[in-house]
Amino acid sequence: MGLCPLARMPLLRDNFTGPLHPWARPEVLTCTCWGAPIIWDGTFDPDVAQQGAVQNLTIGLTVFAVGRYLQKYLAHFLETAEQHFMVGQRVVYYVFTEGPAAVPRVRLGPDRRLREEREERVARWRRWQNVSMVRMRTLHAALGGRLGREARFLRSVDVDQHFSGTFGSEALAESVAQLLLWHYRWRRRLLPFERDARSAAALDPSEGDFCYQAAVFGGSVAALRQLTVYCARGLRRDRARGLEARWHDESHLNKSFWLQKPAKLLSPEFCWSSDVGRRAEIRRQLLWAPKEYALPRG
Ligand code: UDP
Ligand code: MN
């Protein structure tokens, strides 16, 4: 992992994780050149992270479950989130769907609630790329409403995955990006950023830090309002010009995080797929559901 040439390993501190122990994982990069910690298993103290609960924050977990994805993934996603996601904290799940009646009744722990956010617009899109892209606009609108007033920190995640390990306060910060599991070992110039200069998501060959994943991002309400509006505008501008960035909303997310550096990065351990195979440095996992590329999405 030699992506960040100025990487240092200082004693890092942040409000949620307490002292970090980057030296616990000498084989991986644990700090970006702009000073953001990269959270790997073993670099944080789960007990200290757990004490975030005393801060009495409401954490929102937003998830889109449209069409087939609602029946197929949501129940398992929620059940595993109950076991592993911010246990002991005040959590609100915001499920964006066109079919609130079909949202599974999962037993929730104390201080945990689920809100169905009716999302008709999403359902109209036939292509999964559009479902994925329209999320930015929908999230931005929601952040300006009740969701934005209720939650202090948010995490937006894909529904086609499940939690298989603790996902606690160590994953919170003003803005949080997820390292993409396929590319975290790649040389920077090979990373698949949008290179068509006409696209709003375009990055010059000399630009781009890491490849981040749209399936998991988070941060404060203010930071996410900025991020989502930036991406939604870029997506709209591209569409008006008949363009679509190579990795859709993910390309725009990457452009946005290039301009506004994330305050914290999560290692691929926080969003892993068994498709990658075994890697010595990957110790804990939020797993993707197996991909079913042969089936129509939605
Ligand atoms: N999604 C959905 N229904 C669809 C397509 C997408 O609910 O028909 C939502 C869902 O939350 C999904 C996310 O959009 O996890 C991104 O789509 P997908 O997971 O198929 O994209 P990929 O992970 O392959 O980039
Ligand atoms: Mn997905």
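My aim in this report is to walk through the structure given alongside it, one point at a time.

The rules behind the values
- Residues numbered from 1 in each chain as written.
- Chains lettered and ligands numbered in written order.
- Predicted model: local features only at pLDDT ≥ 70, side-chain atom pairs only at ≥ 80, totals over all residues.
- Heavy atoms only, no water.
- 1 Å grid on protein atoms, 1.4 Å probe; cavity = no way out; pocket = protein on both sides within 12 Å on 5 of 7 lines; lining within 4 Å.
- Points joined across faces, edges and corners; volume = space filled by probe spheres on them.
- Helix = DSSP H or I, 4+ residues; strand = E, 2+ residues; numbered from the N terminus.
- Nonpolar A, V, L, I, M, F, W, Y, C, P; charged D, E, K, R; others polar.
- Donors = N, O, S within 2.8 Å, 3.2 Å for Na, K, Ca; no water.
- Buried < 20%, exposed > 50% of the residue type's maximum accessible area, 1.4 Å probe, protein only.
- Expected span 1.5 Å × (residues − 1).
- Bend = angle between axes of the 7 residues up to and from the residue.
- Contact = heavy atoms within 4.5 Å.
- Phe/Tyr/Trp six-rings, centres within 6.5 Å; stacked < 30°, edge-to-face > 60°.
- Lys NZ or Arg CZ within 6 Å of the ring centre and 35° of its normal.

## A few points about the layout of surface pockets
And then number 1: Here the second largest pocket is characterised by a volume of approximately 230 Å³.
And then number 2: In terms of lining, the second largest pocket is formed by 15 residues, of which the most central are Ala223, Gln226, Leu227, Ser256 and Gln260.
And then number 3: For the lining of the second largest pocket, the elements supplying multiple residues, two or more each, are α6 (221–240) and α7 (248–259).
And then number 4: The element contributing the most residues to the lining of the second largest pocket is α6, with 6 residues.
And then number 5: Looking at side-chain class alone, the lining of the second largest pocket contains 8 nonpolar, 5 polar and 2 charged residues.

## Points about the coordination of the manganese ion (ligand 2)
And then number 1: Protein ligation of the manganese ion (ligand 2) involves Asp158 (OD), Asp160 (OD) and Asp160 (OD), the donor distances falling in the range 2.1 to 2.6 Å. Across the pair, Asp160 and Asp158 agree in class, each one buried.

## Brief notes about helix α2 (residues 68–84)
And then number 1: Taking 1.5 Å per residue as the helical rise, α2 with its 17 residues ought to reach 24 Å, and the 25 Å between its terminal C-alpha atoms agrees with that figure.
And then number 2: Leu74 marks where α2 bends most, by close to 40°.
And then number 3: Taken together, the buried positions of α2 are Tyr69, Leu70, Tyr73, Leu74, Phe77, Leu78, Thr80, Ala81, Glu82 and His84.
And then number 4: Where α2 is buried, its residues contact β4 (58–64), β5 (90–97), β6 (112–118), β7 (153–157) and β8 (161–163).

## Some thoughts on the packing of aromatic side chains
And then number 1: This structure, assessed with the given rule, holds 12 aromatic pairs.
And then number 2: Between the aromatic rings of Phe210 and Tyr212, the centroid separation amounts to 6.3 Å while the plane-to-plane angle is 50°, which identifies the pairing as tilted.
And then number 3: By relative accessible area, which is 1% here, Tyr212 ends up buried.
And then number 4: Each residue in the set Phe77, Phe85, Phe163, Phe167 and Phe270 is aromatic and connected to the rest through ring pairs, giving one cluster.
And then number 5: We note Lys261 situated over the ring of Trp34; from NZ or CZ to the ring centre the distance is 5.5 Å.
And then number 6: Geometry around Trp258 places Lys261 over its ring, the cationic atom sitting 3.7 Å from the centre.

In short, shape yes, function no, at least from these values alone.
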